[in-house]
Amino acid sequence: DVKVTQSSRYLVKRTGEKVFLECVQDMDHENMFWYRQDPGLGLRLIYFSYDVKMKEKGDIPEGYSVSREKKERFSLILESASTNQTSMYLCASKRDYGYTFGSGTRLTVV
Amino acid sequence: RKEVEQDPGPFNVPEGATVAFNCTYSNSASQSFFWYRQDCRKEPKLLMSVYSSGNEDGRFTAQLNRASQYISLLIRDSKLSDSATYLCVVGHNTDKLIFGTGTRLQVFP
């Protein structure tokens, strides 16, 4: 089974900090995705990547950037964290049908 | 208008009941369809893909109506363990998936 690992389950950061969320998958998948999930809004796509060093903006990229230096690792970066970025962040890797998600990082910005 | 719309529920049903969820999508070019299950404070997990011919997996049956742009999930003989949020998911010709906001199901004894 595909394993998608997110480095932190819970994070608390201060406003203005630079935040790195790491995601690693072990099945050599090319496609990886970052979503955030908020009550009443569902999952919203932030960024995705089809291959190493490639990235595409999703629906809500503002305030975020990504890095994909190796195929197995896709990092989400909050350049200057703000309180409205408090959310659950989910990384996913594409399988033959649908996605496999990591267990999520619950980020609180204070 | 959201691209994928679901009734948020909650649907409160007794054990053993049959319950059905519906979902509509707006993009007629959508090509792939799924139901995901998400337990409280956990990540979404693929429940089943949905095909035009309809498909069944044990107590779960999924149907797709392309003409009406409508997807359904039927759960028979509900168990307490079926309590979760069910996400309707639609894909286009890219690999991007669009998620509905989910329908919450609560099965009670």
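Nothing here was measured: the structure is a model prediction, and the numbers come from that model.

This brings us to the nonpolar core. Across soluble globular proteins, you tend to see nonpolar side chains buried next to one another. Core analysis: the biggest nonpolar cluster contains 24 residues, and Phe21(B), Trp35(B), Ile71(B), Leu73(B), Ile75(B), Tyr86(B) and Leu105(B) have the highest contact counts within it. Those elements giving two or more residues to this core turn out to be β3 (19–25), β4 (32–38), β7 (60–65), β8 (70–75), β9 (84–91) and β11 (103–108) of chain B. Of all hydrophobic cores here, the second largest spans 20 residues; its members include Leu11(A), Cys23(A), Cys91(A) and Val109(A).

Turning our attention to the environment of Leu107(A). Inspection of the secondary structure puts Leu107(A) in strand β12 (residues 105–109). When residues no more than four places from it in sequence are discounted, the contact partners of Leu107(A) are Leu11(A), Lys13(A), Val19(A), Leu78(A), Gln85(A), Thr86(A), Ser87(A) and Tyr89(A).

Right, let's get into the interface of chain A and chain B. Each partner contributes to the interface: chain A provides 23 residues, whereas chain B provides 18 residues. Its largest share of buried area at the contact with chain B, chain A owes to Leu43(A), Tyr99(A) and Phe101(A), together 27% of the area lost on that side. Viewed at the interface, chain B and chain A are joined by zero salt bridges. Between chain A and chain B we count five residue pairs in polar contact (both at pLDDT 80 or more) in total. Where the side of chain A that touches chain B is concerned, the elements lending two or more residues are β5 (32–38), β6 (42–49), β10 (87–94) and β11 (99–101) of chain A. If one sorts the elements of the side of chain A that touches chain B by residue count, β6(A) sits on top with four residues. The class makeup of the residues in the side of chain A that touches chain B is 11 nonpolar, seven polar and five charged.

Let's shift gears to the state of the cysteines. Scanning the entire structure with this criterion turns up two disulfides over all chains. Note on cysteine connectivity: Cys23(A) is disulfide-linked to Cys91(A), with sulfurs 1.9 Å apart. Note on the Cys23(A) and Cys91(A) pair: the S-S dihedral is about -75°, so by sign convention the disulfide is left-handed. Of this pair, Cys23(A) sits in strand β4 (residues 23–25) while Cys91(A) is found in strand β10, placing the two residues 68 residues apart along the sequence. An identical accessibility class is assigned to Cys23(A) and Cys91(A); each is buried. The disulfide that involves Cys23(B) links it to Cys88(B), with 2.0 Å between the sulfurs. Between Cys23(B) and Cys88(B), the S-S torsion sits near -75°, and that sign places the bridge as left-handed. One end of the pair, Cys23(B), is in strand β3; the other, Cys88(B), is in strand β9, and 65 residues separate them in sequence. The same class applies to Cys23(B) and to Cys88(B), which are both buried.

Criteria and cut-off values
Residues numbered from 1 in each chain as written. Chains lettered and ligands numbered in written order. Predicted model: local features only at pLDDT ≥ 70, side-chain atom pairs only at ≥ 80, totals over all residues. Heavy atoms only, no water. Core = buried A, V, L, I, M, F, W, Y, C linked by side-chain atoms within 4.5 Å. Buried < 20%, exposed > 50% of the residue type's maximum accessible area, 1.4 Å probe, protein only. Helix = DSSP H or I, 4+ residues; strand = E, 2+ residues; numbered from the N terminus. Contact = heavy atoms within 4.5 Å. Buried area = accessible area lost by both parts, 1.4 Å probe. Salt bridge = Lys/Arg side-chain N within 4 Å of Asp/Glu carboxyl O. Polar contact = N/O pair within 3.5 Å; in protein donor to acceptor, adjacent residues only side chain to side chain. Nonpolar A, V, L, I, M, F, W, Y, C, P; charged D, E, K, R; others polar. Disulfide = S-S within 2.5 Å.

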